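# Observations on the model geometry
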Amino acid sequence: MASDQQIARERIDILHERAKQAARGDEQDRAREYVRRARRIAERNRLSLPADFDRFTCDACDAYLLPGRNARVRTREGHVVVTCSCGAQARYRYSGPGGN
């Protein structure tokens, strides 16, 4: 029988796919609701969100980020800066040319 955490992970993955599809179909409110629901499930089950899901969501407004539509992505020396259309910024380190 599946554990509660395994069921929660599967549900988060499903919500991630639905949020991506809704954002691509210009249904930003629906995508936002899927992101909120996935975060709530993760909190209740003490799980962390998958890295790809976490990096493509805005912490401030819960929008699913699509570079070029509602997010701007810039590379700087040693990190990537993702700016949401609401103005919130997230920085992620990387090691590459000029990085650590």
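Keep in mind it's a predicted model, so treat the numbers as computed, not measured. (Residues numbered from 1 in each chain as written. Predicted model: local features only at pLDDT ≥ 70, side-chain atom pairs only at ≥ 80, totals over all residues. Heavy atoms only, no water.)

### Quick word on the UniProt feature "binding site: Zn(2+)" (unreviewed entry) in the chain
Per the UniProt record, "binding site: Zn(2+)" (unreviewed entry) is annotated on Cys58, Cys61, Cys84 and Cys86. Spanning 29 residues, the named residues nonetheless gather at one spot, since no C-alpha pair among them exceeds 8.8 Å. Here Cys61 shows up in the loop between α3 (51-55) and β1 (71-76). Among the structural elements, Cys84 can be located in strand β2 (residues 79-84). Here Cys84 is in contact with Cys58, Cys61, Leu65 and Asn70, once residues within four sequence places are set aside. (UniProt positions renumbered as here; feature names shortened; annotations may be inferred. Helix = DSSP H or I, 4+ residues; strand = E, 2+ residues; numbered from the N terminus. Contact = heavy atoms within 4.5 Å.)

### Things to note about the nonpolar core
Ranked by size, the top nonpolar core spans 17 residues in total, and within it Ile12 and Tyr64 carry the most contacts. Counting only elements with at least two residues in this core, the list comes to α1 (4-24) and α2 (28-44). Aside from chain neighbours lying at most four places away, what touches Ile12 is Ala38, Ile41, Ala42, Leu47, Leu49 and Pro50. Counting residues in each nonpolar core, the second largest holds 8 residues, with Cys58, Cys61, Val82 and Tyr92 among its members. (Core = buried A, V, L, I, M, F, W, Y, C linked by side-chain atoms within 4.5 Å. Buried < 20%, exposed > 50% of the residue type's maximum accessible area, 1.4 Å probe, protein only.)

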